[in-house]
Amino acid sequence: MTRPDSETIPPFPCLCLDTAGFELHLGLADAQGDWAFTHREGVSSLRTHSSLLVPLIRKGLAESGLAMGDLRALAVSLGPGSFTGIRAGLALARTLAAFGEIPLYGFNAFELIATGAWYLEPALDLGPARPLRIQLDARRGFAYRATLGATAEGFHWLEPPCHAPLATEPGDCTDLAADSLADALPHAVPLSRMQPPA
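The present account deals with the structure reproduced in this document. (Residues numbered from 1 in each chain as written. Predicted model: local features only at pLDDT ≥ 70, side-chain atom pairs only at ≥ 80, totals over all residues. Heavy atoms only, no water.)

**Some points on the environment of Ala-114**
Line of reasoning, step 1. Following the sequence through the fold, Ala-114 ends up in helix H3 (residues 109–120).
Line of reasoning, step 2. Residue classification places Ala-114 among the buried residues on the basis of a relative accessible area of 0%.
Line of reasoning, step 3. In the structure, Ala-114 is positioned 18 residues away from Leu-132 in sequence and 7.6 Å away in space, judged by C-alpha atoms.
Line of reasoning, step 4. Ignoring sequence-local partners within four residues, the contact set of Ala-114 consists of Leu-132, Ile-134, Leu-148 and Phe-155. (Helix = DSSP H or I, 4+ residues; strand = E, 2+ residues; numbered from the N terminus. Buried < 20%, exposed > 50% of the residue type's maximum accessible area, 1.4 Å probe, protein only. Contact = heavy atoms within 4.5 Å.)

Pasting the structure below:
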């Protein structure tokens, strides 16, 4: 897989948010693109994302030695996931981006995890003959699922994103559940193909 063009990578320092599910992910990348602060926290209700975000951002800025005025971009998850969670992250990110007059980028969780798998898990041996199936927990035995094929040019959809029963059969693909890359997930953010949300 070729590295994404620099035009698709947000400028640094950058604040990254993922509020699409029952785990909140927050990361602050410094001017060199290295992670100065990351936080991962499980929540019992998606409605608590809004109350947690602002204190966590303040904590992250303080611990990383950054101020809001130092940020050059914000990145936020566009799902798939809960409408309530995505709305909370996107609303705050849009407000901060407008206030700071900085660009806002959106990322697709499947593409982000796939990129993270390629760069951070070379032992997965991904390639044309070994597609990647990603499942994100949607609760009650269901998952947000997609299957991607890997080529030298990057990933392409073999199974478009869908909401379906959790697949338990291994099949002829490499399976990744959310937890298997949860710790590495924030580190994939600057490598994902991001586009400004509509």
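**Focus on the pairing of strand S1 (residues 14–18)**
Line of reasoning, step 1. With 5 of its 5 residues buried, S1 lies for the most part within the structure.
Line of reasoning, step 2. In this antiparallel pair of consecutive strands, S1 and strand S2 (residues 23–29), the connection spans 4 residues. (Pairing = 2+ DSSP bridges.)

**With respect to the packing of aromatic side chains**
Line of reasoning, step 1. Counted under the stated rule, the structure contains 1 aromatic pair.
Line of reasoning, step 2. Taken together, a centroid distance of 6.3 Å and an interplanar angle of 85 degrees make the contact between Phe-110 and Trp-157 edge-to-face. Linking Phe-110 in helix H3 with Trp-157 in strand S8 (residues 154–165), this pair joins segments that are 47 residues apart in sequence. (Phe/Tyr/Trp six-rings, centres within 6.5 Å; stacked < 30°, edge-to-face > 60°.)

**Quick look at unusual backbone geometry**
Line of reasoning, step 1. A cis amide bond links Gly-79 to the next residue, Pro-80, at an omega of 10 degrees.
Line of reasoning, step 2. Tracing the sequence through the fold places Pro-80 in the loop between strand S4 (73–77) and helix H2 (83–100).

**Quick notes on the side chain of Thr-147**
Line of reasoning, step 1. Considering the arrangement of structural elements, one finds Thr-147 in strand S7 (residues 142–151).
Line of reasoning, step 2. Given a relative accessible area of 11%, Thr-147 falls into the buried group.
Line of reasoning, step 3. Those residues in contact with Thr-147, other than ones at most four positions away along the chain, are Pro-131, Leu-132, Arg-133, His-156, Trp-157, Leu-158 and Glu-159.

**Thoughts on the pattern of salt bridges**
Line of reasoning, step 1. Evaluated as defined, the whole model comprises 1 salt bridge.
Line of reasoning, step 2. For Arg-145, the salt bridge goes to Glu-159, with nearest N and O atoms at 3.1 Å. Residue Arg-145 is found in strand S7, and its partner Glu-159 is found in strand S8; the two are separated by 14 residues along the sequence. (Salt bridge = Lys/Arg side-chain N within 4 Å of Asp/Glu carboxyl O.)

**Digging into helix H1 (residues 49–64)**
Two residues of an α-helix separated by three or four positions point the same way, owing to the 3.6 residues in each turn.
Line of reasoning, step 1. Here H1 contains 16 residues, and its C-alpha end-to-end distance of 22 Å stays within 8% of the 22 Å for a straight helix at 1.5 Å per residue.
Line of reasoning, step 2. All of the buried residues along H1 are His-49, Leu-53, Leu-56, Ile-57, Gly-60, Leu-61 and Ser-64. Projected onto a plane normal to the axis of H1, the buried residues spread over an arc of 135 degrees and lie on a single side. Opposite its buried face, H1 presents the exposed residues Ser-51, Arg-58, Ala-62 and Glu-63, each directed more than 90 degrees away.
Line of reasoning, step 3. The elements touched by buried residues of H1 are S1, S2, strand S3 (35–42) and H2. (Expected span 1.5 Å × (residues − 1). Arc of directions from axis to C-beta.)

**A short note on the environment of Leu-15**
Line of reasoning, step 1. Checked against the element boundaries, Leu-15 lands in strand S1.
Line of reasoning, step 2. Accessibility expressed as a relative area gives 0% for Leu-15, which makes it buried.
Line of reasoning, step 3. Setting aside its immediate chain neighbours within four residues, Leu-15 contacts Leu-26, Gly-27, Leu-28, Ile-57, Leu-71, Ala-73, Leu-74, Ala-75 and Leu-96.

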